[in-house]
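A look at the structure
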Amino acid sequence: MIELEGVPELIDPVMVAAFEGWNDAGDAASTAVAHLDREWKGEVFAALDAEDYYDFQVNRPTVFLENGVRKITWPTTRLSVVRVGGDKPRDLVLVRGIEPSMRWRSFCNEILAFAHELGVEMVVILGALLGDTPHTRPVPVSGVTSDPDLARTMDLEETRYEGPTGIVGILQEACTHAGVPAVSLWAAVPHYVSQPPNPKATLALLNRLEDLIGLRIPLGELPEDARAWQVGVDQLAAEDSEVAEYVQTLEEARDTAELPEASGEAIAREFERYLRRREPGSGPGPGVATEGGDSPFLRDAGSGRTRPPKPEQPGPEAVPGTDQPTPEPGTGKAPEADTESEPGAEPEPPAEGTGGDTEE
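Residues numbered from 1 in each chain as written. Predicted model: local features only at pLDDT ≥ 70, side-chain atom pairs only at ≥ 80, totals over all residues. Heavy atoms only, no water.

1. Description of the overall build of the protein chain
This is how it is decided: Think of it this way: any DSSP run of H or I at least four residues long counts as a helix, any run of E at least two long counts as a strand, and we number them from the N terminus. Buried residues are those whose accessible area, probed at 1.4 Å on protein chains only, stays under 20% of the maximum for their type, while exposed residues exceed 50% and partly exposed ones sit between those limits. By the convention used here, residues are in contact when the closest approach between their heavy atoms is within 4.5 Å. Where accessible areas are quoted, they stem from the Shrake-Rupley method and a 1.4 Å probe; at the residue level, only the protein chains shown are allowed to cover.
Regarding its fold elements, the protein chain presents 9 helices and 11 strands. For the protein chain, the residues scored as buried account for 48% of the 360 residues in total. Restricting the contact set of the protein chain to residue pairs at least 6 apart, pairs at least 24 apart contribute 80%. Surface summary for the protein chain: the accessible area is close to 17600 Å², and the carbon and sulfur share equals 50%.

2. Concerning the confidence of the model for the protein chain
Heads up, the rule is: A score between 0 and 100, pLDDT records how confident the predictor is in each residue.
Looking at the protein chain as a whole, the pLDDT averages 78, with 70% of positions reaching at least 70. Mean pLDDT across the secondary structure elements of the protein chain bottoms out at strand β11 (residues 298-299), with 33, and peaks at strand β1 (residues 14-20), with 97. Throughout residues 280-346 the model reports pLDDT below 50, and contacts reaching past four residues in sequence, or to other chains, amount to 146 contacts. Across residues 350-360, where pLDDT falls below 50, the model places 58 contacts with residues more than four positions away in sequence or in other chains.

3. As for helix α6 (residues 199-213)
Note the cut-off: To estimate how far a helix should extend, the number of its residues minus one is multiplied by 1.5 Å.
Taking 1.5 Å of rise per residue, 15 residues should cover 21 Å, and α6 covers 21 Å from first to last C-alpha, within 8% of that figure. The element α6 is extensively covered by neighbouring structure, given that 14 of its 15 residues are classed as buried. Taken from the residues just after α6, Gly214 is the one with a positive phi, measuring 70 degrees.

4. Here's the deal with the environment of Val44
Along the chain, the position of Val44 falls in strand β2 (residues 43-47). The exposure class assigned to Val44 is buried, which follows from its relative accessible area of 14%. Distance from Val44 to Ser80, taken between C-alpha atoms, is 4.0 Å for residues 36 residues apart in sequence.

5. A closer look at the packing of aromatic side chains
So the rule is basically this: What counts as a ring pair is set by centres within 6.5 Å for rings of Phe, Tyr and Trp (its six-membered ring), and what kind of pair is set by the plane angle: stacked under 30 degrees, edge-to-face over 60, tilted for all other angles.
This model, assessed by the stated rule, comprises 5 aromatic pairs. Their ring planes at 65 degrees and their centres at 5.7 Å tell us that Phe19 and Phe107 sit as a pair that is edge-to-face. Residue Phe19 is found in strand β1, and its partner Phe107 is found in helix α3 (residues 104-118); the two are separated by 88 residues along the sequence. A relative accessible area of 0% means that Phe19 is categorised as buried. When its relative accessible area of 0% is taken as the criterion, Phe107 is described as buried.

6. Quick notes on the nonpolar core
Rules: We define a nonpolar core as any set of buried Ala, Val, Leu, Ile, Met, Phe, Trp, Tyr and Cys residues linked to one another through side-chain atoms lying within 4.5 Å.
In terms of nonpolar packing, the biggest core is built from 40 residues, with Met15, Phe45 and Val93 touching the most fellow members. In terms of residue count, the dominant contributor to this core is α3 (8 residues). Residues in contact with Val93, not counting those within four places in the same chain, are Leu10, Pro13, Val14, Met15, Val16, Phe45, Leu79, Ser80, Val81, Leu118 and Val120. Val33, Trp40, Val183 and Leu203 belong to the second-largest nonpolar core, a separate cluster that totals 39 residues.

7. Examining the pattern of salt bridges
As a reminder, the rule being used: Salt bridge, as used here: a side-chain nitrogen of Lys or Arg that lies within 4 Å of a carboxyl oxygen of Asp or Glu.
Evaluation of the coordinates by the stated rule reveals 7 salt bridges. The partner of Glu251 in a salt bridge is Arg137, with the nearest N and O atoms 3.8 Å apart. Taken as a pair, Glu251 in helix α8 (residues 241-257) and Arg137 in the loop between β7 (122-131) and β8 (141-145) lie far apart in primary sequence, 114 residues in all. Of the charged contacts, one joins Asp149 and Arg152 as a salt bridge, the two residues approaching to 2.5 Å between their closest N and O atoms. A residue pair is termed a helical-turn pair when its members lie 3 or 4 positions apart in one helix, as Asp149 and Arg152 do in helix α4 (residues 148-153) at 3 residues.

8. Thoughts on the environment of Phe64
Within the element layout of this structure, Phe64 appears in strand β3 (residues 62-66). When residues no more than four places from it in sequence are discounted, the contact partners of Phe64 are Val69, Arg70, Lys71, Ile72 and Thr73.

9. Let's talk about the pairing of β2
How we decide: A pair of strands counts as paired when DSSP detects no fewer than two bridges linking them.
With 4 of 5 residues buried, β2 is to be regarded as a mostly interior element. Pairing of β2 with strand β5 (residues 78-84) involves 4 bridges; the strand directions are antiparallel. Across the sheet, residue Ala46 finds its bridge partner in β5, namely Leu79.

10. Focus on the packing of α6 against helix α7 (residues 222-238)
Note the threshold: Note on method: axes are straight lines fitted to C-alpha atoms, helices fitted across the in-contact stretch only, with angles between N-to-C directions ranging 0 to 180 degrees. With respect to orientation, any angle under 35 degrees is reported as roughly parallel, any angle over 145 as roughly antiparallel, any angle of 65 to 115 as roughly perpendicular, and every other angle as oblique. Two helices that cross are described as forming a left-handed crossing if the nearer one is turned anticlockwise from the farther one by less than a right angle, and a right-handed crossing if clockwise.
Closest axis-to-axis distance for the α6/α7 pair is 8 Å, and the angle between their directions is 140 degrees. In terms of their interaxial angle, α6 and α7 are classed as oblique. Viewed along their axes, α6 and α7 form a crossing whose handedness is left-handed. Counting all contacts with α6, which are made through Pro199, Lys200, Thr202, Leu203 and Leu206, the residues of α7 involved are Leu222, Pro223, Asp225, Ala226, Trp229 and Gln230.

11. Notes on the environment of Ala28
Here Ala28 shows up in helix α1 (residues 28-39). Overall, the relative accessible area of 0% leaves Ala28 in the buried class. Separated by 172 residues in sequence, Ala28 and Lys200 place their C-alpha atoms 8.3 Å apart. Discounting chain neighbours no more than four positions away, the residues touching Ala28 are Ala128, Asn198, Ala201, Thr202 and Leu205.

Here it is as structure tokens:
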């Protein structure tokens with residue numbers, strides 16, 4: 001049994017997880033969890049033993065100096081807790097790490113053991129994939145689950161994907177077999193500008209997560225970063241007539257396919273989010289973290305926040321430096337994403353060559 005000394009009883013906890021690697025195109029998913037951890041001042045309470053799950057020749061440790069003392073940071077997965085204040089306080093258990101190199105079943109069992117001990121009510125796993133989506137349109141985010149009842153009650157797709165999978169798919173299935181409600185949220189990242197960061201995709205994941213768990217998430221500078229990212233890609237695309245023409249083709253295909261979605265539930269969700277963000281209150285509103293000096297958790301040494309660099313020159317060919325397959329211009333389908341556009345199919349991101357095997 002896992003001993004969680006110093007961790008108080010949690011209120012309606014939801015576990016939110018993301019893993020770097022094959023499941024994380026543009027680092028959109030891992031950046032989303034890092035944003036939650038930073039904005040709500042997460043407190044790390046556990047870390048998985050790196051020796052058990054990582055190949056250090058694939059995910060190498062890093063050396064740094066702290067006050068003249070040489071130290072090593074090992075690649076691992078850490079768990080932290082944030083308490084969201086307001087009229088109805090709630091706790092989130094954040095899981096952030098790297099897709100493991102080995103022993104995936106043991107890895108998932110250890111994560112589930114923490115979920116069971118903490119009384120987690122639902123697990124939400126974030127992922128990002130490369131797709132035929134134009135950077136000028138809203139980022140598509142799909143929610144999938146293996147639980148038919150959950151799919152019906154939360155308006156999600158029931159996954160019917162078959163093929164290679166990654167730690168997101170394995171963890172979701174492990175949750176299902178353990179009787180823990182689990183949902184995966186997938187953001188589609190334009191394949192022709194796949195290098196990280198992608199604040200627009202990160203923002204889309206957080207908005208979808210906000211709708212799913214009913215919390216107002218402080219976005220900080222993410223909206224501004226997303227706008228700056230799109231302007232940068234616009235400028236680069238305008239410098240290449242072939243790229244500009246290809247983007248226009250994607251825009252036309254997207255607009256034609258999603259024309260019926262211009263009304264109805266899509267507009268209703270946006271309106272609800274707008275109202276939630278304007279909700280008045282005398283104390284901290286929903287999604288505003290409460291702070292105190294007597295926190296029982298160990299403080300996580302968070303990394304500094306950086307502004308997104310200007311994206312590299314986009315192009316319809318494969319992105320140099322990655323092993324991710326990308327769609328050919330005008331085909332409308334990426335090799336790895338061919339089944340994802342079918343109703344009920346679970347998105348499948350292409351490999352990013354970061355040490356994992358596969359992805360769902």
